[in-house]
Each structure stands twice: as C-alpha cells, then as structure tokens.
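Commentary on secondary and tertiary structure
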Amino acid sequence: MHRISRSCGQQAFFEGHVHALTTLGGVPAGQVRYDNLTPAVKKVVFRSRSREENPRWTNFHEYYGFTPFYCEPGLRGAHEKGGVEGQVGYFRRNYLTPVPQADSLDELNARLAEFEAKEDERRIGARMQTIAQDFAREVGHLLPLPDDPFATGITLTPRVDRYGMITVKMCRYSVPVRFIDRKVTVTRTCDDLTVYDSRREIARHRRLTGRGAEYFVLDHYLEALLTKPGALERSEALHQARAEGTFTAVHEAFWAAAEKALGDGS
C-alpha cells in the first residue's frame, strides 16, 4: 500500500493505516514491524526492545488487534526492515520518477492505486505466481476488520475571534461572523477541518499546513458586509475568492448592490 498525505503527523500515520487495512480487507495477524517513528514511539528504552508508546498509538493497534514489533534503532536494525526500504526505493524509481503531476491529492492517490494494480500482475524474481496470486493464498490469515474504523481525527474547541477566525495549530480559518466570541468544536483530520456549533456543521476547510497560513470563505462575511459595504473592496476574503475562482454570480450581484448602496450614501 502507498499513500501520499498532506502532512507527516500522527493523523497521517493513522489514516494511512486505515486506508491500508481497508484496502487489504483485514488486519495482519501477529506482529507488524515498525521503525521507531515519533507518531508511535515516545521513548526507546535503553538497550532493549521495550518502547514507551504514544497513548493514541497504543489505542489504535489495540483497536485493530495487532502487535507492533519495533526494530533496533540506527544501523543495528537496518537488516530488520530491508524489505520495506527496498520496496520504497523500487516504487519511487518505477512510479514516482519523474514526479507525477496531478491537480489534487485525491487524483494523485487514485493514480497510486492504479500503479498498485499494475504491481499485482508482477512476478518477484523467479517466482511462478504473481503478487496478486500470492496474496490470494495469504488473505485467509487476515483478522477481520472492526465494524467501524478508528476515529483518526482530533477534536479541539477554539474560540472565534473578532475577525470571524479560529486558530488551529498555528493556522487560521474563517467561520460565519455570527459566531464571533463563541467557542466552537473542530474536528481535524489529515486533509480536512470541520467546524461545528454544538452538533451543527457551520464550516469545512481543507487543512492548511504552512505555519501562519490563513483561509477565508467570502460567504462567511457577507452578513457583516451588508452593514459595511465599503469594507468589501478591501476584504481579504474577496481577494482570495477571486484568486481561487470561487467568486460567483451571486457574489457579483452582492458586490453591485454594495457599490450602489455606497454610492447612494445609504
């Protein structure tokens, strides 16, 4: 399984697992080998195989019913995961060189799925059977998936500031201005951020990854701009909507009405 994510944090780590297990149709029984990556391991216990795990990672692998086996750090453990390192290099050389071009992350991951389908027909070395045929013999050993996937998103409760923005992990997102000075509930996944007032969804954004990045939705500010039409021309939300091509005929009508109101002095 191969997956490209918008970020490299723990949520991407979890969501990559959920995607892989769902695609495989089950959970590998017994142990699964891992490097000592930060989303899983908080501390390597000196000169032992014991690890102090991240609590959410412990919850995750216990939920799916498999046991992580952690390789030795550094060069001592290089031989313990050679197959993984080799597969990464093979896939990069054959399918990611030159770097594929795509209009969205979904399109890029769909192309990776096509590459994986091609790999199913490949024979490794001098083996008589293809990768797909070998997997068909082993699939019966997979453990069944839980009824529901693990909830990979994290929940936060920021307060909406006076500009109709919330701050989540050093990035700022707009919400409708009528929620100014209220606490909202945010569910953040690897790719998306959803904002709720109680149980009602009030905003949805693609997740930003650059520190200090901001994202505005023009519709969130129209209610306030009705009372301050002169502010529309200098609105960052307006400039962003025009740059992204999301400035619609409805917005154009609003803009014309605002200009008329400003011209009339009303």
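The structure reproduced in this document is the subject of the present report. What you see as residue numbers is a count from 1 along each chain, following the sequence as written. It should be noted that, the model being predicted, local features are given only for residues of pLDDT at least 70 and side-chain atom pairs only at 80 or more, the latter also being counted only at that level, while totals for whole chains, interfaces and linings use all residues. Only hydrogens and water are set aside; all other atoms, that is, all heavy atoms of the structure, feed into the side-chain values.

1. Examining the packing of aromatic side chains
For the record, the criterion: Pairs were defined over the aromatic rings of Phe, Tyr and Trp, the Trp ring being its six-membered one, requiring ring centres within 6.5 Å. Orientation was assigned from the angle between planes: stacked under 30 degrees, edge-to-face over 60, tilted for the rest. Helix and strand assignments follow DSSP, with helices taken as H or I runs no shorter than four residues and strands as E runs no shorter than two, numbered in order from the N terminus. Residue exposure (1.4 Å probe, protein chains only): buried if accessible area is under 20% of the type maximum, exposed if over 50%, otherwise partly exposed.
In this structure the tally under the stated criterion is 18 aromatic pairs. Plain terms: the ring middles of Phe60 and Tyr64 are 5.0 Å apart, the flat faces sit at 45° to each other, and that makes the pair tilted. Of this pair, Phe60 and Tyr64 both sit in helix H2 (residues 55-64), 4 residues apart, roughly one helical turn. Per residue, the accessibility class of Phe60 equals that of Tyr64, and both read buried. Both rings, one in Tyr95 and one in Phe115, keep their centres 4.9 Å apart while their planes meet at 20°; by these two values the pair is stacked. Of this pair, Tyr95 sits in helix H3 (residues 82-95) while Phe115 sits in helix H4 (residues 105-120), and the two are 20 residues apart along the sequence. Phe115 shares its class with Tyr95; the two are buried. Aromatic rings pair up to connect Phe13, Phe14, Tyr34, Trp57, Phe60, Tyr63, Tyr64, Phe66 and Phe150 into one cluster.

2. Topic: the nonpolar core
To be explicit about the condition: We call a set of buried Ala, Val, Leu, Ile, Met, Phe, Trp, Tyr and Cys residues a nonpolar core when their side-chain atoms join them within 4.5 Å. In what follows, residue pairs with any heavy atoms lying within 4.5 Å of each other are defined as contacts.
Ranked by internal contacts, the top residues of the largest apolar core, which has 15 residues, are Ile166, Tyr173, Val184, Val186, Leu193 and Val195. Where this core is concerned, the elements lending two or more residues are strand E6 (165-168), strand E7 (171-174), strand E9 (192-197) and strand E10 (200-206). Contact partners of Ile166, with chain neighbours within four places excluded, come to Pro158, Arg159, Val160, Cys171, Arg172, Tyr173, Val175, Val184, Val186, Leu193 and Val195. Judged by nonpolar contacts, the second largest core, of 14 residues, contains Leu21, Val41, Trp57 and Phe66.

3. Focus: the environment of Val177
Relative to the helices and strands, Val177 is located in the loop between E7 and strand E8 (185-188). Residues Val177 and Met1, spaced 176 residues apart in sequence, show a C-alpha to C-alpha distance of 42 Å. Excluding its chain neighbours within four sequence positions, the residues that come into contact with Val177 are His220, Tyr221, Glu223 and Ala224.

4. With respect to the packing of H3 against H4
Put simply, the rule is: Note on method: axes are straight lines fitted to C-alpha atoms, helices fitted across the in-contact stretch only, with angles between N-to-C directions ranging 0 to 180 degrees. Note on angle classes: values under 35 degrees are labelled roughly parallel, values over 145 roughly antiparallel, values of 65 to 115 roughly perpendicular, and the remainder oblique. Gly falls in the polar group here, along with every residue not listed as nonpolar (Ala, Val, Leu, Ile, Met, Phe, Trp, Tyr, Cys, Pro) or charged (Asp, Glu, Lys, Arg).
Here H3 crosses H4 at 110°, and the two axes come no closer than 12 Å. The orientation of H3 with respect to H4, classified from their angle, is roughly perpendicular. Along its contact with H3, which presents Tyr90, Phe91 and Tyr95, the element H4 presents Leu112, Phe115, Lys118 and Glu119. For the contact of H3 with H4, the per-class residue count stands at 5 nonpolar, no polar and 2 charged.

5. A few points about the sheet that holds E7
Spelled out, the test is: Two strands pair under a simple rule: DSSP has to find at least two bridges between them.
In space, the 3 strands of this open sheet follow the order E6-E7-E11, with mixed pairing throughout. Every other strand in the sheet has two partners, leaving E6 and strand E11 (214-215) as the edge strands with one partner each. Where E7 lies against E11, 2 bridges are found, and the strand directions are parallel. Counted as the bridge partner of Tyr173 is Tyr215 from E11.

6. Details of the pattern of salt bridges
We count it as follows: Within this document, salt bridges are pairs made up of a side-chain nitrogen of Lys or Arg and a carboxyl oxygen of Asp or Glu, the two lying within 4 Å of each other.
Applying the stated criterion across every chain yields a total of 12 salt bridges. Put simply, Arg49 and Glu80 hold a salt bridge, and the shortest N to O gap is 2.4 Å. Remark: Glu80 occurs in the loop between strand E4 (67-70) and H3 and Arg49 occurs in the loop between strand E2 (41-44) and strand E3 (51-53); sequence separation between them is 31 residues. Note on Arg49: relative accessible area 36%, which makes it partly exposed. Of the residues examined, Glu80 reaches a relative accessible area of 13% and is grouped as buried. For Glu107, the salt bridge identified is with Arg111, shortest N-O distance 3.0 Å. On the criterion of helical spacing, the pair formed by Glu107 and Arg111 is a turn pair, its members being 4 residues apart in helix H4. A relative accessible area of 31% places Glu107 in the partly exposed class. Residue classification places Arg111 among the partly exposed positions, given a relative accessible area of 22%.

In short, shape yes, function no, at least from these values alone.
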